[in-house]
Number of protein chains: 2
Amino acid sequence: MLGVRCLLRSVRFCSSAPFPKHKPSAKLSVRDALGAQNASGERIKIQGWIRSVRSQKEVLFLHVNDGSSLESLQVVADSGLDSRELNFGSSVEVQGQLIKSPSKRQNVELKAEKIKVIGNCDAKDFPIKYKERHPLEYLRQYPHFRCRTNVLGSILRIRSEATAAIHSFFKDSGFVHIHTPIITSNDSEGAGELFQLEPSGKLKVPEENFFNVPAFLTVSGQLHLEVMSGAFTQVFTFGPTFRAENSQSRRHLAEFYMIEAEISFVDSLQDLMQVIEELFKATTMMVLSKCPEDVELCHKFIAPGQKDRLEHMLKNNFLIISYTEAVEILKQASQNFTFTPEVAAVDLLVPGVGELFGGGLREERYHFLEERLARSGLTEVYQWYLDLRRFGSVPHGGFGMGFERYLQCILGVDNIKDVIPFPRFPHSCLL
Amino acid sequence: MLGVRCLLRSVRFCSSAPFPKHKPSAKLSVRDALGAQNASGERIKIQGWIRSVRSQKEVLFLHVNDGSSLESLQVVADSGLDSRELNFGSSVEVQGQLIKSPSKRQNVELKAEKIKVIGNCDAKDFPIKYKERHPLEYLRQYPHFRCRTNVLGSILRIRSEATAAIHSFFKDSGFVHIHTPIITSNDSEGAGELFQLEPSGKLKVPEENFFNVPAFLTVSGQLHLEVMSGAFTQVFTFGPTFRAENSQSRRHLAEFYMIEAEISFVDSLQDLMQVIEELFKATTMMVLSKCPEDVELCHKFIAPGQKDRLEHMLKNNFLIISYTEAVEILKQASQNFTFTPEVAAVDLLVPGVGELFGGGLREERYHFLEERLARSGLTEVYQWYLDLRRFGSVPHGGFGMGFERYLQCILGVDNIKDVIPFPRFPHSCLL
């Protein structure tokens, strides 16, 4: 625990400060306190926010949470304590003895010797109410407070674990991480959905572009990864992407995160599908093992049944159907549909979320690309892309996964706005 | 190695494909081939780009690199081989036997049985020339090819390792990772340096804002981390930040990466300084241990002397001077200077790079903040920030580190444009 180390060791910086004479109570995170084996009265200090207060005849029970885990630490205090400021939501520092709890509900509890209220919380005005299970939609109005609820706390801890798991997966598999650019001059992928940018106050003088050319927010790092796969063979990126789409759907955001990978010397879709399946399964297994309580909370209160569906996905090979088979199935589903035939491409569709992964092999034939670019009048702008096929070209392919959709998929969260800390969508940019 | 696993296991998807009758050559990355202990003629396959060709009377020597390491694998072939297309920069697939090398220059070499040219490379037009050490400034013109040189290859592999090391440091220290938003409506931090954005084609109708309010690219995730530290105690972010500054300096970019952290229940600068020092040292030690050859290349060819300076930084405690002392030193340096007194703030300055870290304790006094916001007419817009001090407020503080400056600092790279894959600065947005 860094916090502990900081507090204990910070004294070395102050050349004039003497070392403390009495050993101070060790500062622990709630997670570490809860995980203490054989607690037998060690003096510790915890800091956090009050999640519940319950007064009995002779004792006062508090639950204190610091966000390090879903579970709070039970604090037991003498009922003689002045408890006027011990409100739900207040921040406190508690010193006392960590002991084995007599109750079966928890392993340990903190026998308080000193409780200091750091910041009070006026229950009347606080939008999060004690003991109330607020709908996710209600909480969305308060991006600065919803992270203090159990459910958003769990989701954001899972998001953090999943982020780490994805980085680990690629690193362990020999991929080089690339920060593909956020600002780009590539504008060919459907200009209507792009955000354009200029220095504030200069928006009305487009002839004086900051970058000399019109600049946009990226919609995908694919082209830049293609550059890098020509040097490092296996590369990935994990960053924000943008769509200026006027969609309020439960599956779209104006700002969302994508994991994208590109692999050189690949010549079959099977290679890509294998990486996709491994990425999904390795990441999910890691999340399940690192924060089982958080995942369980989501499965229990948000999406009953999701746990079984997820286990089914993890235990079985992903079902692969060919394009021809997919068309057959759609035809039999007696609905009108239009489609554009695509070859050497792959999508991963999951129930409830739809398209989770999309990928494919890239066109490597120089003359074919050259002709298509010429027809669109883009030869000059994309000469660099053509050049990749002129100098040491290789067959390559890759895929992208929407990170928020991934979280929706494993947790069963219906609305994408609830799996990102600060959602951005049309008409809304809170904070 | 994922690549190997993919290729070997991909067959299981194709229900109609029989298992291959002959064991194919195992596909290895160059790094794995070089790391093979006791090579004794195993049949392997490697894929990569030719870095050198040398023809002798009876044998032909190639060096093949796939970006997995700085070092290339030496391939030895019969000189009778048709070598017309074996050019510097061409991509090849080589099958053969991995054997102990008779030369002392390398441990192993690949005795080629089959060399297949995958993509040729016309030396005449290729901007990277064989055996030439191009200046970094020249290479900047070719962001799509410079990653194939030794020096940029090393820098970008180091960047990838440093990214992973920073994530690990915070994770191991109990921090929750937060994706702070890229698009934000906060515009108070000096509007002249902000990029503003709107859907492409709508830039001229600002009254119809996509988000209902003017939207900007973030200059810092600090305020959003302050929100999250009120729930998770210790949080960090690692993402892109932006400045629309008209600066061509060797230390500024329009798009750069920042590592920012925020910690609750902190009440002294010493706590923050401790984390800063630990982050710097832990990350650097990890980078040095994971890619020593890459770091050595930079220290040798880019910045002789940097190795000693870095070792000095790692071995010693960071020097801490008070504000008063700093002012004294500046006064004695007989230069005119202006300064604004700041309290409870900390900067880490390093030779050659200048400010690497900046941080401080945050103002937590509600009435003080309220008064300042009221004076600036910002009370309404920042009511949410005030609210953080009304409901369970805690003392907290944090810091930010510029990632590119960090890389400049440890590697001794003079120009910031050379430590990011696709630099963005005024008048330039290549690719």
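Quick caveat: nothing in here was measured; it's all calculated off a predicted structure.

*Asks:* Break down the interface of chain A and chain B for me, with residues and values.
*Replies:* Interface size, as often reported, equals the accessible area lost upon joining of the parts. The interface is formed by 122 residues belonging to chain A together with 122 residues belonging to chain B. One salt bridge connects Glu-161 of chain B with Lys-171 of chain A, and the closest N-O pair in it is separated by 2.8 Å. Per-element accounting of the side of chain A that touches chain B gives the leading share, eleven residues, to helix α4 (residues 150–172) of chain A. Classifying every residue of the side of chain A that touches chain B by side-chain character gives 61 nonpolar, 39 polar and 22 charged. Inspection of the sheet shows strand β9 (residues 195–199) of chain A paired to strand β9 (residues 195–199) of chain B by five bridges, in the antiparallel sense. Within β9 of chain B, the residue paired with Gln-196 of chain A across the bridge is Glu-198 of chain B.

*Asks:* Before we move on, can you summarise the relation of the copies chain A and chain B with the specific residues and values?
*Replies:* The operation relating the pair of chain copies consists of a rotation about an axis and a translation along that axis. Note on the copies: chain A fits chain B at an RMSD of 0.0 Å, the axial shift is 0.0 Å, and the rotation between them is 180°. In symmetry terms, the pair is related by a two-fold rotation axis. The rotation axis passes nearest to the C-alpha of Leu-197 of chain A in chain A, at a distance of 2.2 Å. Both copies share a contact surface, since 100% of the interface residues of chain A are interface residues in chain B too.

*Asks:* Go over the sheet that holds strand β15 (residues 396–402) of chain B with me, naming the residues and quoting the values.
*Replies:* All names here are of chain B. One open sheet holds the six strands; their spatial order is β7-β11-β12-β15-β14-β13, and the pairing between them is mixed. If you trace the sheet from one side to the other, it starts and ends with β7 (176–177) and β13 (345–350), each paired once. Where strand β11 (residues 234–242) and strand β12 (residues 255–264) come together, nine bridges link them in antiparallel fashion. What sits directly across from Phe-236, in β12, is Ala-261. In the packing of helix α4 (residues 150–172) onto the sheet, the strands contacted are β7, β11, β12 and β15, and the crossing angle to β11 comes to about 150°.

*Asks:* Give a detailed account of the nonpolar core, specifying residues and quantitative values.
*Replies:* Counting residues in hydrophobic clusters, the biggest one holds 191 residues, and the most contacted among them are Phe-170, Phe-195 and Phe-280 of chain A together with Phe-170, Phe-195 and Phe-280 of chain B. Not counting residues within four places of it along the chain, the set of residues in contact with Phe-170 of chain A comprises Phe-175, Phe-236, Ile-259, Ala-261, Leu-279 and Phe-399 of chain A.

*Asks:* Tell me what's going on with empty space enclosed by the protein, and back it up with residues and numbers.
*Replies:* To find leftover empty space, a probe the size of one water molecule is rolled over the atoms. Scanning all chains against the criterion turns up eight cavities of 30 Å³ or more. Roughly 320 Å³ of internal volume is contained in the largest cavity. Phe-238 and Pro-240 of chain A together with Phe-238, Gly-239 and Pro-240 of chain B are, among the 34 residues lining the largest cavity, the residues nearest its centre. Those elements that place two or more of their residues in the lining of the largest cavity are α4, β11 (234–242) and β12 (255–264) of chain A together with α4, β11 and β12 of chain B. For the lining of the largest cavity, the residue count by class is eleven nonpolar, 21 polar and two charged.

*Asks:* Please set out the pairing of strand β5 (residues 91–100) of chain B residue by residue, giving values where relevant.
*Replies:* All names here are of chain B. Here strand β2 (residues 40–55) pairs with β5 via nine bridges, running antiparallel. Among the inter-strand pairings, Gly-48 is bridged to a residue of β5, identified as Val-92. Where β5 and strand β6 (residues 108–119) come together, ten bridges link them in antiparallel fashion. Bridging from a neighbouring strand, Val-94 pairs with Ile-115 of β6.

*Asks:* Before we move on, could you go through the packing of α4 of chain A against helix α12 (residues 403–411) of chain A and cite the residues and values that matter?
*Replies:* All names here are of chain A. At a minimum axis distance of 11 Å, the contact between α4 and α12 shows a crossing angle of 115°. The element α4 and its partner α12 pack so that their crossing is right-handed. On α12, the residues touching Ile-155, Ile-158, Arg-159, Ala-162, Thr-163 and Ile-166 of α4 are Phe-403, Glu-404, Tyr-406, Leu-407, Ile-410 and Leu-411. When its residues are assigned to classes, the contact of α4 with α12 shows nine nonpolar, one polar and two charged.

*Asks:* Which residues make up helix α8 (residues 306–315) of chain A, and what values do they have?
*Replies:* All names here are of chain A. What α8 keeps buried is the set Gln-306, Leu-310, Met-313 and Leu-314. One face of α8 carries all of its buried residues, which in axial projection span an arc of 95°. Opposite the packed face of α8, turned more than 90 degrees from it, sit the exposed residues Asp-308, His-312 and Lys-315. Buried positions along α8 lie against α6 (269–290), α7 (292–301), β13 (345–350) and α12.

*Asks:* Got a sec to walk through the environment of Thr-284 of chain A? Specific residues and values, please.
*Replies:* Residue and element names in this part refer to chain A. Relative to the assigned elements, Thr-284 resides in helix α6. Among the residues examined, Thr-284 registers a relative accessible area of 1% and is labelled buried. Placed 123 residues apart in sequence, Thr-284 and Glu-161 show a C-alpha to C-alpha distance of 9.7 Å. Contact partners of Thr-284, with chain neighbours within four places excluded, come to Leu-310, Leu-314, Tyr-406 and Ile-410.

*Asks:* With reference to specific residues and values, describe the pairing of β15 of chain B.
*Replies:* Residue and element names in this part refer to chain B. Most of β15 sits inside the fold, with seven of its seven residues counted as buried. The two faces of β15 match: His-396, Gly-398, Gly-400 and Gly-402 on one face and Gly-397, Phe-399 and Met-401 on the other face are all buried. Relative to β15, β12 runs antiparallel, the two sharing seven bridges. Bridge pairing in β15 places Met-258 opposite Gly-402. For strand β14 (residues 354–361) and β15, the ladder comprises five bridges, and the chain directions are antiparallel.

Conventions and cut-offs
Residues numbered from 1 in each chain as written. Chains lettered and ligands numbered in written order. Predicted model: local features only at pLDDT ≥ 70, side-chain atom pairs only at ≥ 80, totals over all residues. Heavy atoms only, no water. Contact = heavy atoms within 4.5 Å. Salt bridge = Lys/Arg side-chain N within 4 Å of Asp/Glu carboxyl O. Helix = DSSP H or I, 4+ residues; strand = E, 2+ residues; numbered from the N terminus. Nonpolar A, V, L, I, M, F, W, Y, C, P; charged D, E, K, R; others polar. Pairing = 2+ DSSP bridges. Least-squares fit on C-alpha atoms with pLDDT ≥ 70 in both. Axes fitted to C-alpha atoms, helices over the stretch in contact; angles between N-to-C directions. Core = buried A, V, L, I, M, F, W, Y, C linked by side-chain atoms within 4.5 Å. Buried < 20%, exposed > 50% of the residue type's maximum accessible area, 1.4 Å probe, protein only. 1 Å grid on protein atoms, 1.4 Å probe; cavity = no way out; pocket = protein on both sides within 12 Å on 5 of 7 lines; lining within 4 Å. Points joined across faces, edges and corners; volume = space filled by probe spheres on them. Left-handed = near helix turned anticlockwise from the far one by under 90°. Arc of directions from axis to C-beta.

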